[in-house]
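Tertiary structure, described
Here's the letter readout for the chains.
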Amino acid sequence: MQPTPVHYADYLELDKLLNAQHPESSKNGAPLAHDEMLFIIIHQTYELWFKQVLFEVDSVLAIMHQPVLNDNAADLQTVVHRLKRVATILKTLVQQVDIIETMTPMDFLDFRDMLRPASGFQSWQFKILEAKLGLRFEDRHGKAYYTSQLHAKEIALIKAAENAPSLVMLLNKWLERMPFLTDLAAWPSDDSGSNEDTGFFATYEAIYTSSLAEAEKNNIAFFKETFYNEPKNTHRHLTATACRNALFIMLYRGYPLLELPFQLLETLLEIDHQLGNWRHRHINMVQRMIGTRIGTGGSTGAGYLKAAMDAHIIFKEIAQLNSFLVDRRKLPALPTEVSIKLGYSF
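Analysis parameters
Residues numbered from 1 in each chain as written. Predicted model: local features only at pLDDT ≥ 70, side-chain atom pairs only at ≥ 80, totals over all residues. Heavy atoms only, no water. Helix = DSSP H or I, 4+ residues; strand = E, 2+ residues; numbered from the N terminus. Buried < 20%, exposed > 50% of the residue type's maximum accessible area, 1.4 Å probe, protein only. Contact = heavy atoms within 4.5 Å. Areas by Shrake-Rupley, 256 points an atom, 1.4 Å probe, with all protein chains shown as cover. Salt bridge = Lys/Arg side-chain N within 4 Å of Asp/Glu carboxyl O. Axes fitted to C-alpha atoms, helices over the stretch in contact; angles between N-to-C directions. Parallel < 35°, antiparallel > 145°, perpendicular 65-115°, else oblique. Nonpolar A, V, L, I, M, F, W, Y, C, P; charged D, E, K, R; others polar. Left-handed = near helix turned anticlockwise from the far one by under 90°. Phe/Tyr/Trp six-rings, centres within 6.5 Å; stacked < 30°, edge-to-face > 60°.

Let us look at the overall build of the protein chain. Along the protein chain, the regular secondary structure elements total 16 helices and zero strands. In the protein chain, which comprises 346 residues, the share counted as buried stands at 42%. Put simply, of all contacts in the protein chain between residues at least 6 apart along the chain, 74% involve residues at least 24 apart. Taken as a whole, the protein chain presents about 18,800 Å² of accessible surface, with 57% of it coming from carbon and sulfur.

Dropping the structure here:
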């Protein structure tokens, strides 16, 4: 049986796609505000990209939610690959701001007041993305306002995402089960036969402490809080165990078994970085377009965006681990048996 031929326009449903732009300025026979078409298409494009990003993130969540994630199979590679795609899409979203900035403030005023109360703040897909990555309700800036102008079905979708295991939660569980620091509970690392039992992190803490300048000595308390004390407040995503294992990945990322785990951590930081870039470009664009005026959705405009940019950093605990790195030449050599486990064995 011959497959039914597929036509390009039918496959992409171009009739629907190309006829989905209905400028407010041209309704009731009024002349079209020329730049409103650009405004509509750029935001429709954003929403299509958000849909793709959610598609990728959902697939990653499904893989990482398995009872056991086999790091030696294709699963971890698939996770890293798809998250890198997410980071690349977000980079594209940042670059698309260049296009909308070809519109001048006066061009925008030709139709801006016709859009109230519509606002990019009402992008429920973006709020779902933030929640699925790990932004919790209690950590949101303006949480009393962020769903106030959405439809009930959209609010329900956001709440469902907030109540489901997020990427940062699943990352924490994955990091907690790494076995290598258990293997290193009894130190030394130099196979010298010493009976001193300090454990890897006690040894590493001494190396780290000795590397600090006098003005950095407060980092010692931060080190202990991060790696020895379990979370005592709701603002922490990663447990002390997860943080220890994440730092170990960063320190010994040159070993073959830790290459993909390190790429995973770096890709999550890149996602946060690109989200921050997007918010920053958005702030600058809003300031350029409307100055200190309020947004069409009733927010404080650029002021709200600035506060959200500072509050909505999802993987900041991973980024903070860079505070605890030392010169690689000072890293203690791992015991032979651990090195073998982390390397290629033939």
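Another point: the pattern of salt bridges. Within the structure shown, the criterion is met by 16 salt bridges. Among the salt bridges present, the one from Asp139 reaches Arg136, with a minimum N-O distance of 3.0 Å. For the salt bridge of Glu162 with Arg140, the shortest nitrogen-to-oxygen distance reads 3.7 Å. Within this pair, whereas Glu162 is found in helix α7 (residues 152-163), its partner Arg140 is found in the loop between α6 (124-133) and α7, the two being separated by 22 residues in sequence. A single salt-bridge network, built from bridges that share partners, covers Glu130, Arg140, Lys159, Glu162 and Arg279.

This part takes up the packing of helix α8 (residues 167-176) against helix α12 (residues 240-251). Two numbers describe how α8 lies on α12: the axes approach to 8 Å, and their chain directions differ by 75°. With respect to α12, the element α8 is oriented roughly perpendicular. Here Asn172, Trp174, Leu175 and Glu176 of α8 come into contact with α12, specifically with Thr241, Ala242, Asn245, Ala246 and Ile249. For the contact of α8 with α12, the residue count by class is five nonpolar, three polar and one charged.

Two elements in contact, helix α3 (residues 36-64) and α6, have axes whose closest approach is 10 Å; the angle formed by their N-to-C orientations is 25°. Considering their axes alone, α3 and α6 lie roughly parallel with respect to each other. Note on packing geometry: the crossing formed by α3 with α6 is left-handed. Contacts between α3 and α6 involve Glu47, Phe50, Lys51, Val53, Leu54, Val57, Asp58 and Leu61 from the first element and Gln125, Phe126, Ile128, Leu129, Lys132 and Leu133 from the second. Along the lines of polarity and charge, the residues of the contact of α3 with α6 split into nine nonpolar, one polar and four charged.

Turning next to the packing of aromatic side chains. Inspection of every chain in the model, using the stated rule, returns 26 aromatic pairs. Each ring, one from Phe200 and one from Tyr204, has its centre 6.0 Å from the other, and the planes form 15°; the classification is stacked. Separated by four residues within a single helix, Phe200 and Tyr204 lie in helix α10 (residues 200-210), roughly one turn from each other. In this pair, the class of Phe200 matches that of Tyr204, namely buried. For the pair Phe200 and Phe248, a centre-to-centre distance of 5.6 Å together with 80° between the ring planes defines the contact as edge-to-face. Highlighted residues: Phe200 in helix α10 and Phe248 in helix α12, separated in sequence by 48 residues. Taken together through their ring pairs, the aromatic side chains of Phe200, Phe201, Tyr204, Tyr208, Phe222, Phe223, Phe227, Tyr228, Phe248, Tyr252, Tyr255 and Phe324 make up a single cluster.

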